[in-house]
Amino acid sequence: MSASGGTKAIVAALGANLAIAVAKFVAFLFSGSSSMLAESVHSLADSGNQGLLLLGGKKAKREATPQHPFGYGRERYIYAFLVSIVLFSVGGMFAVYEGYEKIKHPHEIEAWYWPVGVLVFAIIAEGFSFRTAIKESNETRGALSWTEFIRRAKAPELPVVLLEDFGALIGLVLALGGVGLAVGTGDGVWDGIGTLCIGILLIAIAIVLAAETKSLLLGEAAGIDQVDRIKAAVVDGDTVTGIIHMRTLHLGPEELLVAAKIAVQHDDTATEVANAINAAESRIREAVPIARVIYLEPDIYNEAAARAGTNPAKDPARNPAKNPAGATAESAEPAAPDEASDTPADPTETGH
């Protein structure tokens, strides 16, 4: 996993959560606080989540095989999605259940100084982990807001750690508030309410993570700035005169597939076109280094045919392959590629 995968942030979060999970469970044993039990399970689930992220990063490094010719880069997305499931089920649902039981059957908190002391320690430790995640994220976030960064990041690890640590800090404050009110009023219901709020918070974060990682699993295109750099790199103004059609797809956080149909002159030789394609691929990789899989298909762009929609492939009545009996001399006229008939006059339009 590269630095952009947030390895430091993951390791920092893993160490903090393991220490906090043990401390919270000890506090639960001495105090009987349901908030502490829910928080200890939350921290244990977070520790498992960081382990999943590290495992996903390791598996993603495997070499491509005949069965998986584009490699295993998306393993990182799969394990990030598993994190959201664990956070929802083990963390969120357990806390909701425990909170409901404590509200229904409240009891006074014993040895209140245990949970309070552990919660203060946990806030400090989670704050350190959160600070590490913020520092690593700032290296790649650029001018994006935090919301935009979480939504647009192609490497899932940093958004996952950021949301987990943020949720953990809010959860600790809720737990501290629940324990404080329960001790101050002598009513254990407040401890249950704090636990219930923690569960709802974790479920909300899990849903956000699931939605974002689902989008990555389905396959996201390159960012707008990357698409612009690729388009600028493809066209040389000599042999390659424009882009008829282009698609990009992330095969993993750090591997991009580029497929484009490029416009060339009708009188270019095969050698000239082949050399132009090789040169374009080199320019693309220089402009966007993560563009490792590139397919460029040359074609003759007929702007007049594109505007008129006279493409035999789209009209069975004029396409000999689809309707031999209806073929006419008109169907032999030069036509734009399949996509060009659906494309506006601007030949550089992409699907983004």
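Residues numbered from 1 in each chain as written. Predicted model: local features only at pLDDT ≥ 70, side-chain atom pairs only at ≥ 80, totals over all residues. Heavy atoms only, no water.

## Digging into the overall build of the chain
Thought 1: The helix and strand inventory of the chain stands at 10 helices and three strands.
Thought 2: Relative to its 352 residues, the chain shows a buried fraction of 45%.
Thought 3: When contacts within the chain are restricted to residue pairs at least 6 apart in sequence, those whose partners lie at least 24 apart make up 75%.
Thought 4: Of the roughly 16700 Å² of accessible surface on the chain, 63% is carried by carbon and sulfur atoms. (Helix = DSSP H or I, 4+ residues; strand = E, 2+ residues; numbered from the N terminus. Buried < 20%, exposed > 50% of the residue type's maximum accessible area, 1.4 Å probe, protein only. Contact = heavy atoms within 4.5 Å. Areas by Shrake-Rupley, 256 points an atom, 1.4 Å probe, with all protein chains shown as cover.)

## Side note on the pairing of strand β2 (residues 255-264)
Thought 1: Extensive coverage of β2 is indicated by the burial of eight of its 10 residues.
Thought 2: Relative to β2, strand β1 (residues 240-252) is paired through 10 bridges, and the arrangement is antiparallel. Residue pairing for β2: Leu249 is matched across the bridge by Leu257.
Thought 3: The antiparallel pairing of β1 with β2 creates a hairpin that spans two residues between the two strands.
Thought 4: As paired elements, β2 and strand β3 (residues 291-299) share eight bridges and run parallel to each other. Bridge pairing links Val258 to Ile294 in β3. (Pairing = 2+ DSSP bridges.)

## Focus on the side chain of Thr239
Thought 1: Mapping Thr239 onto the fold places it in the loop between α8 (224-234) and β1.
Thought 2: For Thr239, a relative accessible area of 10% gives the class buried.
Thought 3: Once you skip the residues sitting within four places of it in the chain, Thr239 turns out to touch Ala263, Val264, Gln265, Asp268, Glu272, Val273 and Ala276.

## Let's talk about the confidence of the model for the chain
Thought 1: In this model, the chain carries an average pLDDT of 80, and 84% of its residues clear a pLDDT of 70 or more.
Thought 2: Counting contacts from residues 309-352, a segment whose pLDDT is below 50, to residues more than four positions away or on other chains yields 72 contacts. (pLDDT = per-residue confidence, 0-100.)

## Structural notes on the sheet that holds β2
Thought 1: Taken in spatial order, the three strands line up as β1-β2-β3 in an open sheet, and their pairing is mixed. In the strand order of this sheet, the two ends are held by β1 and β3, each with one partner. With strand direction ignored, the average angle separating the axes of adjacent strands in the sheet is 15°.
Thought 2: Each of β1, β2 and β3 is contacted by helix α9 (residues 270-287), which is oriented at about 150° to β3, the strand it contacts most. (Axes fitted to C-alpha atoms, helices over the stretch in contact; angles between N-to-C directions.)

## Side note on helix α6 (residues 157-185)
Thought 1: A rise of 1.5 Å per residue sets the reference length of α6, with its 29 residues, at 42 Å; its end C-alpha atoms lie 41 Å apart and thus fit the reference within 8%.
Thought 2: Downstream of α6 by a residue or two, Gly186 has a phi angle that is positive, lying close to 75°. (Expected span 1.5 Å × (residues − 1).)

## Some details on the pattern of salt bridges
Thought 1: With the rule as written, the count across this model stands at nine salt bridges.
Thought 2: Taking the shortest distance from any N to any O, the salt bridge between Lys261 and Glu297 comes out at 3.9 Å. Placement of the pair is Lys261 in strand β2 and Glu297 in strand β3, with a sequence separation of 36 residues.
Thought 3: By relative accessible area, which is 11% here, Lys261 ends up buried.
Thought 4: Accessibility expressed as a relative area gives 41% for Glu297, which makes it partly exposed. (Salt bridge = Lys/Arg side-chain N within 4 Å of Asp/Glu carboxyl O.)

## Quick notes on the nonpolar core
A general trend in soluble globular proteins is that nonpolar side chains are found buried together.
Thought 1: In terms of nonpolar packing, the biggest core is built from 42 residues, with Leu53 and Val161 touching the most fellow members.
Thought 2: The set of elements that each furnish at least two residues to this core consists of α1 (7-31), α2 (34-59), α3 (75-104), α4 (113-141), α5 (146-152), α6 and α7 (189-218).
Thought 3: Broken down by element, this core gets its largest block of residues, 10 residues, from α6.
Thought 4: With 23 residues, the next largest nonpolar core counts Ala222, Val240, Met246 and Ala276 among its residues. (Core = buried A, V, L, I, M, F, W, Y, C linked by side-chain atoms within 4.5 Å.)

## Topic: a nonpolar patch on the surface
Thought 1: The grouping of Phe25, Leu29, Phe30, Trp112, Tyr113, Trp114 and Val183 at the surface amounts to a nonpolar patch, some 740 Å² of accessible area in total.
Thought 2: Going through the elements one at a time, α1 and α4 are the ones with two or more residues in the nonpolar patch.
Thought 3: If one sorts the elements of the nonpolar patch by residue count, α1 sits on top with three residues.
Thought 4: Mapped onto the fold, Phe30 is located in helix α1.
Thought 5: Exposure remark for Phe30: the relative accessible area of 46% places this residue in the partly exposed category. (Patch = residues over 30% accessible without salt bridge, like charges linked within 9 Å, V, L, I, M, F, W, Y side chains within 5 Å.)

## Comments concerning the packing of α1 against α2
Thought 1: Running from amino to carboxyl end, α1 crosses α2 at an angle of 155°, the nearest separation of the two axes being 8 Å. By the angle between their axes, α1 is roughly antiparallel relative to α2. As α1 packs across α2, the resulting crossing turns out to be left-handed. Contacts between α1 and α2 involve Ile10, Ala13, Leu14, Asn17, Leu18, Ile20, Ala21, Lys24, Phe25, Ala27, Phe28 and Ser31 from the former and Met36, Leu37, Glu39, Ser40, Ser43, Leu44, Asp46, Ser47, Gln50, Leu53 and Leu54 from the latter.
Thought 2: Classifying every residue of the contact of α1 with α2 by side-chain character gives 14 nonpolar, six polar and three charged. (Parallel < 35°, antiparallel > 145°, perpendicular 65-115°, else oblique. Left-handed = near helix turned anticlockwise from the far one by under 90°. Nonpolar A, V, L, I, M, F, W, Y, C, P; charged D, E, K, R; others polar.)

## Focus: the packing of aromatic side chains
Thought 1: Enumeration over the complete set of coordinates arrives at five aromatic pairs.
Thought 2: When the centroid spacing of 6.0 Å and the interplanar angle of 40° are considered together, the rings of Phe25 and Phe28 count as tilted. A residue pair is termed a helical-turn pair when its members lie 3 or 4 positions apart in one helix, as Phe25 and Phe28 do in helix α1 at three residues.
Thought 3: Where Phe130 meets Phe166, the ring centres are 6.4 Å apart and the plane angle is 45°; that geometry is what we call tilted. With Phe130 in helix α4 and Phe166 in helix α6, this residue pair connects regions lying 36 residues apart in the sequence.
Thought 4: Phe130 sits in the buried class, given a relative accessible area of 19%.
Thought 5: For Phe166, a relative accessible area of 43% gives the class partly exposed. (Phe/Tyr/Trp six-rings, centres within 6.5 Å; stacked < 30°, edge-to-face > 60°.)

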